[in-house]
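# Results of the structural survey
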Amino acid sequence: MTVVLPGATLGVLGGGQLGRMFVHAAQAMGYFTAVLDPDPDSPAGRVSHHHIHTDYADVDGLARLAGLADAVTTEFENVPAPSLEHLASARPVAPAADAVAIAQDRIREKAHFVRCGVECAPYAVIETAAHLAAVPADLLPGILKTARLGYDGKGQRRVATRAELDTAWNDAGGVPCVLEKLLPLDFECSVIVARGEDGQMVNFPVQRNLHRDGILAVTEVHPQSMPESTARRAVAAARSIADGLAYVGVLCVEFFVLGDGQLVVNEMAPRPHNSGHWTLNASDVSQFELQVRTLAGLPLNPPRQHSVAIMLNLLGDLWFVDGDVPSEPRWADVLALPGTHLHLYGKTEARRGRKMGHLNITGDAIDAVRSTADFAAALLGLPIPLSE
């Protein structure tokens, strides 16, 4: 197993907020960093030692990254898998191109879940008009999802009838899709695991998540957030999925929990995840430090949560609560509350729906943390109550 010690340079494809937090974690551990991103003002590039301004598929840019970095990772799943494969011919790359390629395609992703013995929602693959005509009636109502390039609710549409399904598939351009049966959800949760090249694996506690308009809004992490048996099954399923990929890196697996307690997998993200941002303030090791450790071949110690945590996602809408002219949210009032930790991503322009930062609220007891989180949400103009 290759070990890359502090003092070396770690590279990352992608310059968004996840890359920025990876860079911060790597630098805190004594590494130099290099970011490849086409945006010259990318959040990660602005804080990295090196910033290569090229497209992810640019051969010269990839060669420059391989020349600077001793190992390379990615901050989001839509980086071209062939670029990762190209880099892997010169440098250690984690996660591997094959694992990222599976996460980029819902059809391949669901087939992998089935191979690992992890239950999915009933679904049908639609790649042709014949597939569309053969969709079983009992899959409706459902959600039609494009097989590729869908995240944060993009590329998804609810359909109740065959006519709506036909229209939705045609509106999507007739591209390969997956139709998933709508299920009676109780809540959503996610598990973040970190797996090394040697197969060693650790995980964070299971996270209970609330989404609004397809985007994560709130994450709660504490022992009372869900039944212990549900948490155990979710961890076992996430570990099985990571082992089935021979995965190296940080992996997030998202689940639906049904009203009867049944657990079904939704999707996976081959990277740190929005729902794991609480680890920056409520765990003795963050998901980004584990990303550094897996990439560098360093030991993985089981993370220990030391505080109850609630994470609030901060979208650009908060800058427009008083109208169309942007104004800075009430950060000073929020930070006067006990246990609040503000993380802004260094994005120079607030836009509605754009992820601008997150707020972690930590404490010893869930009732007190929830009360503080509700108060912070009111100050920021977020919907209250935070839970459903």
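Check the entry above for the structure.
Residues numbered from 1 in each chain as written. Predicted model: local features only at pLDDT ≥ 70, side-chain atom pairs only at ≥ 80, totals over all residues. Heavy atoms only, no water.

## Brief notes about the layout of surface pockets
Of the pockets and cavities examined, the second largest pocket occupies roughly 320 Å³. As for the second largest pocket, its lining consists of 16 residues, and the residues nearest its centre are Arg-212, Ala-217, Leu-315, Leu-382 and Pro-383. If you list the elements that add at least two residues to the lining of the second largest pocket, you get β12 (215-221) and β15 (308-315). Here the lining of the second largest pocket is composed, by residue class, of 10 nonpolar, three polar and three charged. (1 Å grid on protein atoms, 1.4 Å probe; cavity = no way out; pocket = protein on both sides within 12 Å on 5 of 7 lines; lining within 4 Å. Points joined across faces, edges and corners; volume = space filled by probe spheres on them. Helix = DSSP H or I, 4+ residues; strand = E, 2+ residues; numbered from the N terminus. Nonpolar A, V, L, I, M, F, W, Y, C, P; charged D, E, K, R; others polar.)

## As for helix α12 (residues 366-380)
The end-to-end C-alpha separation of α12 is 21 Å, in line with the 21 Å expected for 15 residues at 1.5 Å each. Buried within α12 are the following residues: Ile-366, Val-369, Thr-372, Ala-373, Ala-376, Ala-377, Leu-379 and Leu-380. Down the axis of α12, the sector holding all buried residues measures 155 degrees, keeping them to one side. In this structure, the buried side of α12 is in contact with β12, β15, α11 (331-335), β16 (340-344) and β17 (355-363). Within two residues after α12, Gly-381 carries a phi angle of roughly 85 degrees, on the positive side. (Expected span 1.5 Å × (residues − 1). Buried < 20%, exposed > 50% of the residue type's maximum accessible area, 1.4 Å probe, protein only. Arc of directions from axis to C-beta. Contact = heavy atoms within 4.5 Å.)

## Things to note about the pairing of strand β14 (residues 263-269)
Burial analysis of β14 places seven of its seven residues in the buried class, the great majority of the element. With six bridges connecting them, strand β13 (residues 249-258) and β14 associate as antiparallel partners. The residue of β14 that forms the bridge with Val-253 is Met-268. Taken together, β13 and the strand that follows it, β14, pair antiparallel across an intervening segment of four residues, in which Gly-261 is found at a positive phi of about 90 degrees. (Pairing = 2+ DSSP bridges.)

## Looking at the nonpolar core
A general tendency of soluble globular proteins is for nonpolar side chains to be buried together. The biggest cluster of nonpolar side chains holds 30 residues, and the ones touching the most others in it are Phe-255 and Met-268. At the level of elements, α4 (97-103), β9 (185-195), α8 (228-244), β13 and β14 are the ones that each hand at least two residues to this core. Considering each element in turn, this core owes the most residues, seven residues, to α8. In this structure Met-268 touches Ala-99, Ile-102, Ala-103, Glu-109, Phe-113, Ile-241, Leu-245, Leu-251, Cys-252 and Val-253, once residues within four positions along its chain are discounted. In terms of nonpolar packing, the next biggest core, distinct from the first, is built from 26 residues, Leu-312, Met-356, Leu-379 and Leu-382 among them. (Core = buried A, V, L, I, M, F, W, Y, C linked by side-chain atoms within 4.5 Å.)

## A short note on the pattern of salt bridges
Per the counting criterion, the structure on display carries 14 salt bridges. As a salt-bridge pair, Arg-46 and Asp-41 come within 3.6 Å of each other at their nearest N and O atoms. Judged by relative accessible area, which is 44%, Arg-46 ranks as partly exposed. A salt bridge links Arg-195 to Asp-243; its shortest N-O distance comes to 2.9 Å. Of this pair, Arg-195 sits in strand β9 while Asp-243 sits in helix α8; the two residues are 48 residues apart in sequence, bridging distant segments of the chain. Residue classification places Asp-243 among the partly exposed residues on the basis of a relative accessible area of 41%. Each of Lys-110, Lys-145 and Glu-180 takes part in one network of salt bridges that share partners. (Salt bridge = Lys/Arg side-chain N within 4 Å of Asp/Glu carboxyl O.)

## Quick look at the pairing of β12
Counting buried positions along β12 gives seven out of seven residues, so the element sits mostly inside the fold. With five bridges connecting them, strand β11 (residues 207-212) and β12 associate as antiparallel partners. Bridged to Arg-208 within β12 is Glu-220. Here β11 folds back onto β12, and the loop between the two strands holds two residues, one of which, Asp-213, carries a positive phi near 55 degrees. Pairing geometry for β12 and β15, over four bridges, is antiparallel. Residue pairing in the sheet places Val-221 in a bridge with Ala-309 of β15.

## A closer look at the packing of helix α1 (residues 17-28) against helix α10 (residues 287-296)
The interhelical angle for the contact between α1 and α10, taken along N-to-C directions, is 70 degrees, at an axis separation of 8 Å. The angle between α1 and α10 falls in the class roughly perpendicular. For the pair α1 and α10, the contacting residues are Leu-18, Met-21, Phe-22, Ala-25 and Ala-26 in the first and Phe-288, Glu-289, Gln-291, Val-292 and Leu-295 in the second. Among the residues making up the contact of α1 with α10, the classes are represented as eight nonpolar, one polar and one charged. (Axes fitted to C-alpha atoms, helices over the stretch in contact; angles between N-to-C directions. Parallel < 35°, antiparallel > 145°, perpendicular 65-115°, else oblique.)

## Quick look at the sheet that holds strand β2 (residues 32-36)
Sheet architecture is open: four strands sit in the order β3-β2-β1-β4, paired in parallel fashion. The sheet is open, and its two borders are formed by β3 (50-52) and β4 (71-74), each paired with just one other strand. Recorded for the sheet is a direction-independent mean angle of 20 degrees between the axes of neighbouring strands. Pairing between strand β1 (residues 9-13) and β4: four bridges, direction parallel. Within β4, the position partnered with Val-12 by the bridge is Thr-73.

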